[in-house]
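# Structural characterization, general
Okay, here's what each chain looks like letter by letter:
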Amino acid sequence: MIQLQKGQYQTRIAKIWKWSSYGLGAFLLYIVAVYFNLFWLFGGMPSPQELENPKSKVASILYSEDGKELGKYIRENRSPVEYEELSPNLIKALLATEDARFTQHSGIDLRSIFRAITHLGTAGGGSTLTQQLAKNLFDTRHNEDEAEEGKSYKGFLGKIPVIRTFIAKTKEWILAIRLEKRYTKQEILKMYLNEVEFGNNSYGIRVACKTYFGKDVNNVTEKEAATLIGMLQNPSLYDPRRHPDRCLQRRNVVLGQMNKYGYISQEESLSLQGKTLGLNFKVENQNTGDAPYFREAIKKQLQAIIAELNTTRDEADKLNLYTSGLRIYTTIDSRMQNYAQVSLDNHMRDQQQKFNAHWRGRNPWVDERMHEIKGFLKDAMKRTQRYKSLMVEYDGDEDAVWKILKTPVKMTVFSWQGDKDTTLSPLDSMNYYKRILNCGFMAMNPNDGHVKAWVGGINFKFFKFDHVRQSKRQPGSTFKPFVYAAALENGVADLCDYVVDQPVTFGREDGLVGKPWTPQNSEGRYSYANMSLRHAMGLSINSVAAGLMKKLSPQKVAEFAHRAGIQSALNETPSLCLGASEVSVYEQVAAYCTFMNEGERIDPILILKIEDKNGNELKRFETTSKKVISSTTAYQMTHLLKGAIQESGGTAEGLKKYNCSQGNDIGAKTGTTSNYSDGWFMGVTQNLVAGVWVGGDDRSIHYRNIALGQGAKMAMPAYGKFMDMVYADKSLAIAGFKKEPFRKPKDADLGCNQTYIVTDSTGVQQQATKPKEDEEGFLK
């Protein structure tokens, strides 16, 4: 009997071994089938090359010329970190919570798998950090992006729900082992923390630390590390802003785990668990960064460059602006960019207060007679894409469309006191935004073409339209220097000529169609006084500019302006002398740089070089220049431009109250368009040319009088504040941006030899002679 039982036992053991061998063999065959994608049932596996260089979606970063980060091109906001940069607190929290036996296994932890199976997942999952890294790196569960690129890791069986999960898990086991063979434990930890998502478009630990605590990865405390690592289980569920109580509870679980595995004491754990989350939350997106308008302005140029670079690259190695982690080095100076932003913010806040007070109780949209334009808001709404889309959606039913447009909804609007949550109808929202003044500012080094600062508006989040390059407005009197320079270049005028402020009339002989036109001065009268060219330009006398235009012709002025750097089409009519054709701030600054660069037109350069994520240079950019006007004309223009500040009654005489004008060669030109729709200011020094525009986005919205609506009030203060901050920065002085005289070309001549009598606007007669230079080279 005993012998029989013993035989039965041995038979059972043999069967168990037999079927176990079958099972093990079948499992090994299954592993091999998955690895080699047998009959295309299981989907492919990453190649050795992909394993060697796994691709992460890394945001491309924009850097200033002085090495500061300006912003990113973001889809998944991720910035890689090296292991050595990581705070030990992060590593301790991660290992204690996600994989306590990380240093003891080779990618698969059988003990954890057995625990997960026996406890049905209640005692933690069975995946190691390496398996999780494999899942994140190669998207074994979803892989939508790879499918879009024509490379999917899913086979025919991947369409069956339960089987799909088991196959994905198998691939993660295989990939985990391969990753462990290829990389060190430290490299795996680094890769894991660079890859994981923390919610709020924060990918990777560096961005997470910055988003939630405003810190770098090497400064994170134990409780902050516990908060971040705790979020990994479910970033949405444990979002500290939306669910602070859940996040706090989860953080305390992590602190408990850190105590359990000996990383912190029980006393430390309990003490930390009693503290608040201590968030310093700030999401980084396309609206943030130091130069958002500039970043958007060069995006098309960058995409074209990348497309060109991709023509010589393999398909798998193609570059993408949003995911390739490119390092883009620009000409922007972070210090000047900051000073420009601060000066514009302060100035525009002040301008908006004055504008609101100026129009209090009235609507600011008026016609040329300063009468309110009836139906202005409705007409403006009809031009919007939203109105047109609603009309299509509601089959042209205007009543239904206007009902929607007059229905209040919750929204966040811009205000100078910060973003404001309110309830407005779309029509009320338009009413609110139409009253807001905007601005554009650009500064450029005329010697090398480097654009140093770019502010395209008052707030990129709410006003995406760029007023530096995208917007074109009438420049008013800031166009007059091209008229004067064309006159000098063409021999129509000499620097020391004297002119008379008197009416000049254009008729058919000047190509004018219709009634004759006699330009008026801003005061509406003529002084009939003799004055130097510099005095006339300094006081922005319209009649003198008109007289020069009549001698030259609009065609010659337009041709000269284009040579100097204006790119926009110009209306070749007499009104061009007063700046009636629209141009951009970008063009004006570039063209004024020609005067400061000895007649060499230098094209603005925005990008210096592009590197890949590993620091390999992909492309470098150089400045291009061309001699377009004589050195003498260019130098004479620097003398004329100083007149706006130095001549009695000059339109930029107010700049004298700013430090930037003291002990410095500085020239300027103000501009004010008809009805005060646009306020301009152009300032030039030997190393920096800057332009400012201020106005309403709609030309019908403006001040009612010249006291408030002139360029000297609307735009000049922003320039003065900016330049004062630039000159106060000693580091910029070291970089070459300091007070100094205008550079005199070797072959330049002021060409002013005679002595003559001039009468200023007050009737006082003075003797005028050739402009002299003082001992330091400053023109008197």
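Residues numbered from 1 in each chain as written. Predicted model: local features only at pLDDT ≥ 70, side-chain atom pairs only at ≥ 80, totals over all residues. Heavy atoms only, no water.

### Quick word on the overall build of the chain
What the chain contains, in helices and strands, is 30 helices and 20 strands. Within the chain, the fraction of its 780 residues that count as buried is 51%. Here the analysis covers contacts within the chain between residues at least 6 apart in sequence; of these, 69% occur between residues at least 24 apart. Split by element, the accessible area of the chain, about 36800 Å² in all, is 50% carbon and sulfur. (Helix = DSSP H or I, 4+ residues; strand = E, 2+ residues; numbered from the N terminus. Buried < 20%, exposed > 50% of the residue type's maximum accessible area, 1.4 Å probe, protein only. Contact = heavy atoms within 4.5 Å. Areas by Shrake-Rupley, 256 points an atom, 1.4 Å probe, with all protein chains shown as cover.)

### Points about the sheet that holds strand E9 (residues 451-455)
One open sheet holds the five strands; their spatial order is E9-E8-E18-E17-E16, and the pairing between them is antiparallel. Of all strands in the sheet, those with a lone pairing partner are E9 and strand E16 (667-672), marking the two edges. Within this sheet the neighbouring strands show an average axis-to-axis angle of 5 degrees, counted without direction. Pairing between strand E8 (residues 437-444) and strand E18 (residues 689-696): eight bridges, direction antiparallel. Within the sheet, the bridge partner assigned to Gly-440 lies in E18 and is Trp-693. Against the sheet, helix H15 (residues 334-358) touches E8, E9 and E18, its axis set at about 30 degrees to E9. (Pairing = 2+ DSSP bridges. Axes fitted to C-alpha atoms, helices over the stretch in contact; angles between N-to-C directions.)

### Observations regarding the packing of helix H17 (residues 385-393) against helix H18 (residues 398-405)
How two helices pack is summed up by the angle between their axes together with the distance between the axes. Packing of H17 against H18 brings their axes to within 9 Å, and their N-to-C directions diverge by 135 degrees. As the angle between them shows, H17 and H18 are arranged oblique. Our pair here, H17 against H18, has a crossing hand that is right-handed. Across from Arg-386, Tyr-387, Leu-390 and Met-391 in H17, the residues of H18 making contact are Glu-398, Val-401, Trp-402, Ile-404 and Leu-405. For the contact of H17 with H18, a count of residues per class yields seven nonpolar, no polar and two charged. (Parallel < 35°, antiparallel > 145°, perpendicular 65-115°, else oblique. Left-handed = near helix turned anticlockwise from the far one by under 90°. Nonpolar A, V, L, I, M, F, W, Y, C, P; charged D, E, K, R; others polar.)

### Examining unusual backbone geometry
One non-glycine residue, Asn-200, lies in positive phi territory at about 55 degrees. Its relative accessible area of 25% is what places Asn-200 among the partly exposed residues. With phi around 65 degrees, Met-370 is a residue other than glycine that occupies positive phi space.

### What to know about empty space enclosed by the protein
In total, this model carries two cavities of 30 Å³ or more according to the counting rule given. Taken as a whole, the second largest cavity spans an internal volume of roughly 50 Å³. In terms of lining residues, the second largest cavity is bounded by Phe-595, Met-596, Asn-597, Glu-598, Ser-631, Ala-634, Tyr-635, Thr-638, Gln-686, Phe-742, Arg-743 and Pro-745. Secondary structure elements with two or more residues in the lining of the second largest cavity: helix H24 (585-596) and helix H25 (631-641). Counting residues per element, the lining of the second largest cavity draws most heavily on H25, at four residues. Here the lining of the second largest cavity is built from residues that sort into six nonpolar, four polar and two charged. (1 Å grid on protein atoms, 1.4 Å probe; cavity = no way out; pocket = protein on both sides within 12 Å on 5 of 7 lines; lining within 4 Å. Points joined across faces, edges and corners; volume = space filled by probe spheres on them.)

### Regarding the packing of helix H10 (residues 222-231) against helix H11 (residues 244-260)
Taken N-terminus to C-terminus, the directions of H10 and H11 make an angle of 110 degrees; their axes are 8 Å apart at the nearest point. It follows that H10 is roughly perpendicular to H11 by the angle criterion. Contacts between H10 and H11 pair Glu-222, Lys-223, Ala-226, Thr-227, Gly-230 and Met-231 from the former with Cys-247, Arg-250, Arg-251, Val-254 and Leu-255 from the latter. Of the residues that constitute the contact of H10 with H11, the class distribution is five nonpolar, two polar and four charged.

### Thoughts on the nonpolar core
Ranked by internal contacts, the top residues of the largest apolar core, which has 148 residues, are Phe-441, Trp-454, Phe-482, Tyr-484 and Phe-722. The element contributing the most residues to this core is H24, with eight residues. Excluding residues that lie within four positions of it along the chain, Trp-454 makes contacts with Tyr-293, Phe-294, Ala-297, Ile-332, Gln-337, Phe-441, Met-442, Asp-466, Val-468, Arg-469, Tyr-586 and Leu-606. Grouped together as the second largest cluster of nonpolar side chains are 45 residues, Leu-86, Leu-189, Phe-198 and Phe-213 included. (Core = buried A, V, L, I, M, F, W, Y, C linked by side-chain atoms within 4.5 Å.)

### Some remarks on the sheet that holds strand E1 (residues 60-63)
Strand order in the open sheet formed by five strands is E2-E1-E5-E13-E14, and the pairing between neighbours is mixed. Since the sheet does not close on itself, it has two edges, and those belong to strand E2 (69-73) and strand E14 (617-620), each with one partner. Pairs of neighbouring strands in the sheet enclose a mean axial angle of 20 degrees, with direction left out of account. Against the sheet, helix H14 (residues 299-310) engages E1, E2, strand E5 (327-330), strand E13 (607-611) and E14, with an angle of about 45 degrees to E13.

### Some details on the pairing of E5
Consecutive residues of a regular strand have side chains that alternate between opposite faces of the sheet. Because side chains alternate across E5, one face comprises the buried residues Ile-328 and Thr-330, and the other comprises Arg-327 and Tyr-329, none of which is buried. Across three bridges, the pairing between E1 and E5 is parallel. Among the inter-strand pairings, Leu-62 is bridged to a residue of E5, identified as Ile-328.

### Side note on the environment of Asp-317
Structurally, the position occupied by Asp-317 is in the loop between H14 and E5. Residue classification places Asp-317 among the partly exposed residues on the basis of a relative accessible area of 40%. Sequence-wise, Asp-317 and Lys-55 are 262 residues apart; in three dimensions their C-alpha atoms are separated by 9.9 Å.

### Side note on the confidence of the model for the chain
Per-residue confidence for the chain averages 88 on the pLDDT scale, and 85% of its residues sit at or above 70. When the criterion is pLDDT under 50, residues 769-780 qualifies, and its contacts beyond four places in sequence or with other chains add up to 36 contacts. (pLDDT = per-residue confidence, 0-100.)

### Description of the pairing of E13
E13 sits mainly inside the fold: four of its five residues count as buried. By the bridge criterion, four bridges tie E5 to E13 in an arrangement that is antiparallel. If you follow Ile-328 over to E13, its bridge partner there is Ile-610. Bridge count between E13 and E14: three bridges; the pairing is antiparallel.

### A word on the side chain of Asp-510
Mapped onto the elements of the fold, Asp-510 is located in the loop between strand E10 (498-500) and strand E11 (530-532). Look past the residues within four positions of Asp-510 in its chain and what remains in contact with it is Thr-505, Lys-550 and Pro-574.

### Things to note about the packing of aromatic side chains
Scanning the model with the defined rule gives 22 aromatic pairs in all. On the basis of an interplanar angle of 35 degrees and a centroid distance of 5.9 Å, the ring pair of Phe-482 and Phe-595 is categorised as tilted. Taken together, the positions of Phe-482 in helix H20 (residues 480-489) and Phe-595 in helix H24 put the pair 113 residues apart, joining distant regions of the chain. Taking relative accessible area as the criterion, Phe-482 reaches 0% and is therefore assigned buried. In this structure Phe-595 comes out as buried when scored by relative accessible area, which is 2%. Following the ring pairs from residue to residue traces out a cluster consisting of Phe-414, Trp-416, Tyr-432, Tyr-433, Phe-462 and Phe-463. The ring centre of Trp-402 lies 5.0 Å from the NZ or CZ of Lys-378, which sits over that ring. The ring of Phe-460 carries the charged tip of Lys-464 above its face, separated from the ring centre by 4.8 Å. (Phe/Tyr/Trp six-rings, centres within 6.5 Å; stacked < 30°, edge-to-face > 60°. Lys NZ or Arg CZ within 6 Å of the ring centre and 35° of its normal.)

### Here we look at a nonpolar patch on the surface
A contiguous nonpolar patch, built from Ile-13, Ile-16 and Trp-17 and spanning about 330 Å² of accessible area, is present on the exposed surface. Looking at the secondary structure, you find Trp-17 in helix H1 (residues 2-36). (Patch = residues over 30% accessible without salt bridge, like charges linked within 9 Å, V, L, I, M, F, W, Y side chains within 5 Å. Salt bridge = Lys/Arg side-chain N within 4 Å of Asp/Glu carboxyl O.)

### Quick word on helix H29 (residues 716-728)
Helical geometry: 3.6 residues make up each α-helical turn, so side chains three or four residues apart lie on a common side. Over its 13 residues, H29 extends 18 Å from the first C-alpha to the last, a length consistent with the 18 Å expected when each residue adds 1.5 Å. The set of residues buried in H29 consists of Met-716, Pro-717, Ala-718, Tyr-719, Gly-720, Phe-722, Met-723, Val-726 and Tyr-727. Those residues of H29 that are buried lie in contact with H15, E8, strand E17 (678-684), E18, helix H28 (711-714) and helix H30 (730-734). (Expected span 1.5 Å × (residues − 1).)

### Brief notes about the pattern of salt bridges
Once their charged atoms are close, side chains differing in charge can pair, the charge on each being opposite to the other. This structure, assessed with the given rule, holds 29 salt bridges. Asp-350 is paired through a salt bridge with Lys-354; the nearest N and O atoms lie 2.9 Å apart. Of this pair, Asp-350 and Lys-354 are both found in helix H15, four residues apart, which corresponds to roughly one turn of the helix. Between Glu-598 and Arg-743 there is a salt bridge, and its shortest N-O distance comes to 2.7 Å. Taken together, the residues span a long stretch of sequence, with Glu-598 in the loop between H24 and strand E12 (600-602) and Arg-743 in the loop between H30 and strand E19 (756-759) at a distance of 145 residues. By relative accessible area, which is 33% here, Arg-743 ends up partly exposed. Here the salt bridges share partners, and the residues they tie into one network are Asp-66, Asp-333 and Arg-335.

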